[in-house]
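Coordinate analysis (summary)
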Amino acid sequence: MHTQYNQSISNSLRRRIGKAIAQWNMINEGDNVLVGLSGGKDSLILLHALHEFARRSPVKFSLAALSVKLSGMNTAPLEEYCTQKNIRYVIVEQDIIGIIEARQEKSPCSFCANMRRGIISRWASQNGFNKLALGHSLDDAVETFFMNMFNAGRAKSFQPVAYMSRTGVTVIRPLVLSNESAIIDDAKRLQLPVIASACPFAGHTERQRIREYISDLRVRVPDLYAKILNALENLSTSESWQYEKHESDS
């Protein structure tokens, strides 16, 4: 019996997660919440925290987890964890890596993330879940901001809460105010069953290059994350460059 699975997340992470849930009204009475469980530290911390919140919060909601099983992915530790926590756990097998290789996909991470989210959200919709919780952290939000800026020329990141009209499911990201470093520390302290990534593209992606760039930038701008978070929370059309479109512009 893994008694460490009964330990609580750190007070710091609990405050940040609680703040995000309250600030963006992520979870309401009677919600059925499905956690996308990849087996990485982020999704495991998210599931561990939401399980704790579900037991202690006056706001009552149900909780389950689903993994999209990629080729070579060992889900046994996740199954054991969910069994011990009495969390319903579902596995959907999909050879996304094979599809990426067959398509010679140029953006494998983005393609995989979108495909997994589509699979999970469809399953959620078909099985009575109205909320899909994803483990994106503050670091992920900042990285996405820079990727959009460098690759698409847009100052934006993903939303903490986003309604998916195709499935009628609302995506929530309770870790959006939590730092990756704190998540790593807590996952180790709690001895959560983090599994090795089955992705052959790990460490060789555009996101990894952006991550390294941000790491260097934070040496010169220690409060970079706070500045980016402030920018994301205060973006407005009134501050964007506008011009009067003339007939010759079209």
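Presented here is a report on the structure given in the accompanying data block. For clarity, every value in this text was computed on a predicted model and none was experimentally measured.

Reading guide: rules and limits
- Residues numbered from 1 in each chain as written.
- Predicted model: local features only at pLDDT ≥ 70, side-chain atom pairs only at ≥ 80, totals over all residues.
- Heavy atoms only, no water.
- Core = buried A, V, L, I, M, F, W, Y, C linked by side-chain atoms within 4.5 Å.
- Buried < 20%, exposed > 50% of the residue type's maximum accessible area, 1.4 Å probe, protein only.
- Helix = DSSP H or I, 4+ residues; strand = E, 2+ residues; numbered from the N terminus.
- Contact = heavy atoms within 4.5 Å.
- Pairing = 2+ DSSP bridges.
- Polar contact = N/O pair within 3.5 Å; in protein donor to acceptor, adjacent residues only side chain to side chain.
- Phe/Tyr/Trp six-rings, centres within 6.5 Å; stacked < 30°, edge-to-face > 60°.
- Right-handed = clockwise from strand over helix to strand, strands pointing away.
- Expected span 1.5 Å × (residues − 1).
- Salt bridge = Lys/Arg side-chain N within 4 Å of Asp/Glu carboxyl O.
- Axes fitted to C-alpha atoms, helices over the stretch in contact; angles between N-to-C directions.

Burial of nonpolar side chains together is a common tendency in soluble globular proteins. Among the nonpolar cores identified, the biggest contains 39 residues, and Leu37, Ile45, Leu47, Leu50, Tyr81 and Cys82 are the most heavily contacted of them. Elements represented by at least two residues in this core include exactly α1 (11-23), β1 (32-36), α2 (41-56), β2 (62-69), α3 (76-85) and α7 (180-189). When residues of this core are assigned to their parent elements, the largest contribution, seven residues, is made by α2. Look past the residues within four positions of Ile45 in its chain and what remains in contact with it is Leu13, Leu175, Ile183, Asp186, Ala187, Leu190 and Leu192.

Bridge count between strand β5 (residues 161-164) and strand β6 (residues 169-172): four bridges; the pairing is antiparallel. Looking at β6, one finds that Met164 is bridged to Val169.

For Ser43, the location among the structural elements is in helix α2. Look at Ser43 and you get buried, because its relative accessible area is 4%. A polar contact is formed between the side chain of Ser43 and the backbone nitrogen of Ser38, at a distance of 3.2 Å. If we skip the residues at most four places from it in the chain, Ser43 touches Val35, Gly36, Leu37 and Ser38.

This next bit is on unusual backbone geometry. Working note: non-glycine residues mostly have negative phi, and peptide bonds are mostly trans. Within the chain, Asn86 stands out as a residue other than glycine whose phi angle is a positive 60°. Owing to a relative accessible area of 71%, Asn86 belongs among the exposed residues under this scheme. Positive phi outside glycine occurs at Gln191, with the angle close to 55°. Within the secondary structure, Gln191 is located in the loop between α7 and α8 (206-220).

What follows concerns the packing of aromatic side chains. How two aromatic rings sit relative to each other is given by the distance of their centres and the angle of their planes. For the structure on display, the rule yields six aromatic pairs. Each ring, one from Phe146 and one from Phe150, has its centre 5.8 Å from the other, and the planes form 50°; the classification is tilted. With Phe146 and Phe150 both in helix α6 (residues 138-152) and four residues apart, the pair spans about one turn of that helix. The exposure class assigned to Phe146 is buried, which follows from its relative accessible area of 5%.

Here β1 lies mainly inside the structure; four of its five residues are buried. Where β1 lies against β2, five bridges are found, and the strand directions are parallel. By the bridge assignment, Val35 is partnered in β2 with Ala65. The β-α-β motif built from β1, the intervening α2 and the parallel element β2 has right-handed crossover chirality. Here β1 pairs with strand β4 (residues 131-133) via three bridges, running parallel. Note on β4: the bridge partner recorded for Val35 is Ala133.

Look at α2: 23 Å from first C-alpha to last across 16 residues, which is about the 22 Å you get at 1.5 Å a residue. Of all 16 residues making up α2, twelve are buried, and the element is well covered by its neighbours. Within α2, burial applies to Asp42, Ser43, Leu44, Ile45, Leu46, Leu47, His48, Ala49, Leu50, His51, Glu52 and Phe53.

What follows is about the pattern of salt bridges. Applying the stated criterion across every chain, the model contains eight salt bridges. Residues Glu180 and Lys41 are paired through a salt bridge, measuring 2.8 Å at the closest nitrogen-oxygen approach. Of the two residues, Glu180 sits in helix α7 while Lys41 sits in helix α2, which places them 139 residues apart along the sequence. Taking the relative accessible area as the measure of exposure, Lys41 reaches 26% and is therefore partly exposed. The residue Glu143 makes a salt bridge to Arg207 at a minimum N-O spacing of 3.1 Å.

Let's shift gears to the sheet that holds β1. Overall, mixed pairing links the six strands, which are arranged β3-β2-β1-β4-β6-β5 in an open sheet. Each edge of the sheet is formed by a strand with only one pairing partner; in this case those strands are β3 (88-93) and β5. Shown here is a sheet whose adjacent strand axes are inclined to one another by a mean of 25°, direction ignored. Two strands pair when backbone bridges link them, and β4 and β6 are joined in this way by three bridges, in the parallel orientation. Opposite Lys131, over in β6, you have Thr170 as the bridge partner. Here α2 sits on the sheet in contact with β1, β2 and β4, set at roughly 155° to β1.

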